[in-house]
Amino acid sequence: MTIPVYVVTGFLYSGKTTFLNSLLNQPDRREIKTLLLQFETGEEAFQRHLRNCNNKSFSKKDLEKQPEQVIQGIYACMKEWKPDEIWIEWNGMVSFSRLQELLLGPPLCGSCKIQKAIHIAEAVNLEEMLGRTGSALPEQIANSDVVILRTPQSGGGTAAYQQMRRTIKILNPGVATYRLRGMEFRNLHKWVFRETGPKISSFFLALLCVAALYLLVKPVFSQMPISINTIINVFLGIILQAIPFLLLGVLLSSFIQIFIPKAWIEKWFPKSLAGGITIAILGGFCLPVCDCASIPIFKSLVKKGIPLPAAITFLLAAPVINPVVILSTYYAFGGDLIIVAQRICMGITASIIIGLSFAVRSSKGRVLPAGRFDGLMCSCGCYQDMDSMTGPGNKIDLFFRHAQAEFFDVGKYLMLGSFVASVFQALGTGLSGGIQSEAGTAVSMVIMMGMAFILSLCSSSDAVIARSFSTQFPMAAIMSFLVFGPMMDIKNMMMLSSGFSKRFIGRLVFTSFAVCFTVVYLFYQIGGR
C-alpha cells in the first residue's frame, strides 16, 4: 500500500510548526495514524496531543552529508509505526527536488507518494525572501498545490497579499492561494484537503479571453475608421518577427547565466573602459540578434557583473550593426553600401557615446531593484545551489528551466508592447502620407524618431519601412529612424521594465534619443549625403 505524503514548506519562522500543531491535533484526526518528519527546527516545537501521531527530526547537516542515513531512518520509522499518512516539515533553504530524490529512491520508492504540498509564507516579507534566498524558495512555491499567505491579524497587509499573490501565480499559475490573518487556522482543513480540478494553462486562458474580447469589441470598431483586422494583422506580424529572435536571445541569456561562472567573467573581461566597450561592439557585430533578443542578454550581462557602460553599449549597438540588420539594410536600399556604412558607423558612435555617458555619470540608485525576485534566480544573478550540481545533466535541466521562465517573463511585455505598437501603426497609416519634409531637417528627424519609437519595428526588417518614407523625408530623418528605432521603442521599454528600475529606463530612453539625434544631425550638417 502506498502511503500518502503531505509536505509543508516555507522559510524559517513562516509558521510551519504552528500550522502542523493546529492541523495534526484536530479531534477529527484521532483515527488517522500519522508520522511527522521534521527537517527544520524553529523556536516552536511540535506538540503532540494525540496518541496517534509520532514525529522524527532530521537536521539540515544530516540531509546534506548523510542522505543515505536519512533515507534509512525514514524507512525504519515507516516500518515501525505503519502510518496512514506521512507529514513532512521541509527545510526552507533546501530545494524541493532534494525531497523528491529522497522519496523516489530505494527503499522508499513505491511505499510512499507526495499527495499534496502546502507552502506557508508571510506576505509582507515574501518578495524580499524570494529575491535574496536563492532558488530553493521559488522552487518550493512552484511545486506547491496550496499557498497560504499570512498577514497581520489586526488589519493591513492587503496590498502585500495582492502583490505576492500575483507573483505566486507567475511561479505556479494553477496554485490555490489563501489569506491567513495571524495564526487563526479556522479554515485549515478545508484549505488543505480541498480537491482541485485540472489546471488550465494560463496561456490558453489568456487566448480564450482575447478571443472573447475580440468578439465583444468587433461591432464597436466596425463603426470606427480603425480596422480591427488591420490591428490584428500588424500585431501578428510584429510578434512573428520578434519571437524567433527573442527565443534566441533568451537561450543565449540562459547560457550565460548557467554555464559561464561569474568568476570567469571577472577574470577575463577587460578591466579598462575602452577594452570593455570594444568587446561589446564586437559582440554586437557578431551576434545575429535584434532588439528583442538583446534585452535578455543585456540583463544577464549586468547580473554577471559586466560594467554597465559596456553592457549598455552592447544593448544599443547589437540591433543596429549585427549581420542580419546589415543584410536587410543592403537589400532594402538597393545595394547602396554608403547607406549601410552610415548606419553602422552612426549606430556604433551613438551606442559608444551613450555607454560612456553612464561611465562619466553613474546611474543614481540601483539599476536592478533591490531584492526583486527574478524567476528562478536570486537578485545577484547567481544560483545558490549551482556549486552542488554534479554532471552536465543538472545544469542542462536548469538551463531549460531558466530559459522557460525568462521567455514568459519578458514575453508578456513583448506582447503588450507589440499590441500598443500595432494600434499606433493602424492609426498612423492614414496620417503618415500627409507629413511632408517641408518642416525642416530637425523637425523631420524628431518626427521619424517618434515614429520609430511608436511603431516598434523589428530591426531586422525596419529598413524596408524606412525606405518607403524616403520620398517624403530627407535622408537625415530616414537615418535617425534607422539608428534610434532599434535602440529604443515601446516594446523595448516595456521589456526593460521587467527587470530594471524606472529611473534607469527613463534616463536610457532620454539619453538614447538625444545622442542619436545629435550624431545624425551633425553628420548631415557637416556634409553627409
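Residues numbered from 1 in each chain as written. Predicted model: local features only at pLDDT ≥ 70, side-chain atom pairs only at ≥ 80, totals over all residues. Heavy atoms only, no water.

Rules: UniProt positions are given in the numbering used here, feature names are shortened, and annotations may be inferred rather than shown by experiment.
As recorded in an unreviewed UniProt entry, the chain goes by CobW/HypB/UreG nucleotide-binding domain-containing protein and comes from Faecalicatena contorta. Entered under Subcellular location (unreviewed entry) in the UniProt record, the comment concerning the chain runs "Cell membrane".

**Some remarks on the packing of helix H14 (residues 308-321) against helix H16 (residues 337-360)**
So the rule is basically this: Only C-alpha atoms enter the line fits that serve as axes; for helices the fit covers just the stretch in contact. Angles between N-to-C directions range over 0 to 180 degrees. A run of DSSP states H or I qualifies as a helix once it reaches four residues; a run of E qualifies as a strand once it reaches two. Both are numbered from the N-terminal end. Roughly parallel refers to an angle under 35 degrees, roughly antiparallel to one over 145, roughly perpendicular to one between 65 and 115, and oblique to any angle outside these ranges. By convention, the crossing between two helices is left-handed when the near helix turns anticlockwise from the far helix through less than a right angle, and right-handed when the turn is clockwise. The contact criterion used is simple: two residues touch if any of their non-hydrogen atoms lie within 4.5 Å. Residue type decides the class: Asp, Glu, Lys and Arg count as charged, Ala, Val, Leu, Ile, Met, Phe, Trp, Tyr, Cys and Pro as nonpolar, and the leftover types, Gly among them, as polar.
Contact geometry of H14 with H16 gives a least axis separation of 8 Å together with a crossing angle of 160°. Comparing their axes, H16 and H14 come out roughly antiparallel. The handedness of the crossing between H14 and H16 is right-handed. Seen from H14, the contacting residues are Leu 308, Pro 309, Ile 312, Thr 313, Leu 316, Ala 317, Val 320 and Ile 321; seen from H16, they are Arg 343, Ile 344, Gly 347, Ile 348, Ser 351, Ile 352, Ile 354, Gly 355, Phe 358 and Ala 359. Considering only residue class, the contact of H14 with H16 consists of 13 nonpolar, four polar and one charged.

**So, the sheet that holds strand E4 (residues 85-89)**
Operational definition: A pair of strands is labelled paired if DSSP reports no fewer than 2 bridges between them.
The seven strands lie next to each other as E3-E2-E4-E1-E5-E6-E7, forming an open sheet whose pairing is parallel. Edge strands, defined here as strands with exactly one partner in the open sheet, are strand E3 (53-57) and strand E7 (176-181). Direction aside, the axes of adjacent strands within the sheet are offset by 20° on average. Where helix H4 (residues 96-104) meets the sheet, it contacts strand E1 (3-9), E4 and strand E5 (112-122), and its direction lies at approximately 160° from that of E5. Its contacts with the sheet place helix H7 (residues 158-171) against strand E6 (146-151) and E7, and it is angled at close to 160° to E7.

**Here's the deal with the side chain of Ser 512**
Note that Ser 512 resides in helix H22 (residues 502-526). If we ignore the near neighbours within four places in the chain, the residues touching Ser 512 are Leu 316, Ile 354 and Phe 484.

**Overview of the pattern of salt bridges**
Selection rule: When a carboxyl oxygen of Asp or Glu lies within 4 Å of a side-chain nitrogen of Lys or Arg, that pair is called a salt bridge. Note on classification: 1.4 Å probe, protein chains only; a residue is buried when its accessible area is under 20% of the maximum for its type, exposed when over 50%, partly exposed between these limits.
Scanning the model with the defined rule gives five salt bridges in all. Note that Glu 64 and Lys 60 form a salt bridge whose closest N and O atoms lie 2.5 Å from each other. Of this pair, Glu 64 and Lys 60 both sit in helix H2 (residues 60-65), separated by four residues, roughly a single helical turn. On the basis of relative accessible area, Lys 60 is assigned to the partly exposed category, the value being 31%.

**Points about the confidence of the model for the chain**
Applicable threshold: Every residue gets a pLDDT, meaning the predictor's confidence in that residue, from 0 to 100.
Confidence along the chain averages 79 in pLDDT terms, with 77% of residues attaining 70 or more. Element-level pLDDT for the chain is lowest in helix H9 (residues 202-221), with a mean of 65, against a maximum mean of 94 in H16. Note that pLDDT drops below 50 for residues 370-390; the model gives that stretch 53 contacts with residues more than four away or on any other chain. Segment residues 429-438 is flagged for pLDDT under 50; beyond a separation of four residues in sequence, or across chains, it makes 12 contacts in the model.

**Comments concerning the side chain of Asn 91**
Tracing the sequence through the fold places Asn 91 in the loop between E4 and H4. Judged by relative accessible area, Asn 91 falls into the buried class, the value being 6%. Setting aside its immediate chain neighbours within four residues, Asn 91 contacts Gly 10, Phe 39, Glu 40, Lys 60 and Gln 140.

**Structural notes on the nonpolar core**
Going by this rule: What we call a nonpolar core is a set of buried Ala, Val, Leu, Ile, Met, Phe, Trp, Tyr and Cys residues that are connected through their side-chain atoms within 4.5 Å.
Counting residues in hydrophobic clusters, the biggest one holds 74 residues, and the most contacted among them are Phe 298, Ile 312, Phe 504 and Leu 508. Dropping the residues within four chain positions of it, Ile 312 is found in contact with Phe 298, Ile 354, Gly 355, Phe 358, Phe 504 and Leu 508.

**Thoughts on the packing of H14 against helix H20 (residues 475-487)**
Two packed helices can be described by the angle between their axes and the distance between those axes. Two elements in contact, H14 and H20, have axes whose closest approach is 8 Å; the angle formed by their N-to-C orientations is 130°. Here H20 runs oblique to H14, going by the angle between their axes. Here H14 and H20 pass one another in a crossing that is right-handed. Every residue of H20 that contacts H14 at Leu 316, Pro 319 and Val 320 is listed here: Leu 482, Val 483, Pro 486 and Met 487. When the residues that make up the contact of H14 with H20 are grouped by side-chain class, the tally is seven nonpolar, no polar and no charged.

**A look at the environment of Val 124**
Within the secondary structure, Val 124 is located in helix H5 (residues 123-132). With a relative accessible area of 52%, Val 124 lands in the exposed category. Separated by 35 residues in the primary sequence, Val 124 and Ala 159 place their C-alpha atoms 8.9 Å from one another.

**Some thoughts on helix H12 (residues 273-286)**
Test applied: Helix span, expected: 1.5 Å multiplied by one less than the number of residues in the helix. Taken from the helix axis, the directions to the C-beta atoms give the arc we talk about.
For H12, which comprises 14 residues, the first-to-last C-alpha distance of 20 Å matches the rise-based estimate of 20 Å (1.5 Å per residue) to within 8%. Every buried residue of H12 is accounted for by Gly 276, Ile 277, Ala 280, Ile 281 and Gly 284. Buried residues of H12, seen end-on, are gathered within an arc of 135° and therefore sit on one face of the element. Exposed side chains of H12 directed beyond 90 degrees from the buried face belong to Ala 274 and Cys 286. Elements in contact with the buried residues of H12: H14 and H16.

**Focus: a nonpolar patch on the surface**
In plain terms, the rule: Nonpolar side chains (Val, Leu, Ile, Met, Phe, Trp, Tyr) are joined into patches within 5 Å and like charges within 9 Å, using only residues with over 30% relative accessible area and no salt bridge. Shrake-Rupley sampling with a 1.4 Å probe provides the accessible areas, and residues are treated as covered by the protein chains on show and by no other component.
On the surface, Phe 255, Phe 259, Ile 396 and Phe 400 cluster together into a nonpolar patch covering about 380 Å² of accessible area. Contributing elements (two or more residues each) for the nonpolar patch: helix H10 (228-259) and helix H17 (392-428). Here Ile 396 is to be found in helix H17.

**A word on the environment of Pro 474**
Within the element layout of this structure, Pro 474 appears in the loop between helix H19 (462-468) and H20. Taking the relative accessible area as the measure of exposure, Pro 474 reaches 26% and is therefore partly exposed. For the pair Pro 474 and Gly 440, spaced 34 residues apart in the sequence, the C-alpha separation amounts to 8.7 Å.

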